[in-house]
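The chain contents come next:
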Amino acid sequence: YTSFDSFMKPFTDEDREAFPEIFNLPKGVYEVSLTKPLGIVFEEIEAGKGVYVQDLVEDGLAARQGKIQPGDVLVGITAVKIVGAKWERRLIPARTFDFDTVVGAISS
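Read on for a plain summary of the structure. Bear in mind that the values here come from a model prediction, so they are computed numbers and not experimental data.

**Things to note about the pairing of strand β2 (residues 51-56)**
So, point 1. The pairing of strand β1 (residues 40-44) with β2 spans 5 bridges and is antiparallel. Paired with Ile40 across the two strands is Leu56, which belongs to β2.
So, point 2. Count of turn residues in the β1/β2 antiparallel hairpin: 6 residues, of which Gly48 carries a positive phi of about 75°.

If you want it as structure tokens, here you go:
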């Protein structure tokens, strides 16, 4: 997985016109791509209920990019999945992850 747009690219314009809700991120949801260190302080919402952005590191990457804001909730994350000798990067939902799982996925 590299981005939502590249993931949806193989579909035809006809598909996009017939099902626009599938080809656009929901209102209030956005995608960012950051390298490490992210410059984000995450806090667990509740055990197993995901994480939110508690703060941004001053002059860190996320603060400089300007898209992520304190209070934002992490809804998805890319992580490496290893199967045997092969691996692939996948987008996975993060709303039910605990803090340690989110940090592990970010580290992959």
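That covers the picture; the talk isn't over yet.
**Describing unusual backbone geometry**
So, point 1. The omega torsion of the bond from Lys36 to Pro37 falls at 0°, within 30 degrees of zero and hence cis.
So, point 2. Tracing the chain through its elements places Pro37 in the loop between α2 (13-18) and β1.
So, point 3. The phi angle at Asp59 is positive, at roughly 65°, despite the residue not being glycine.
So, point 4. Of note, Asp59 is situated in the loop between β2 and α3 (61-65).

The rules behind the values
- Residues numbered from 1 in each chain as written.
- Predicted model: local features only at pLDDT ≥ 70, side-chain atom pairs only at ≥ 80, totals over all residues.
- Heavy atoms only, no water.
- Pairing = 2+ DSSP bridges.
- Helix = DSSP H or I, 4+ residues; strand = E, 2+ residues; numbered from the N terminus.

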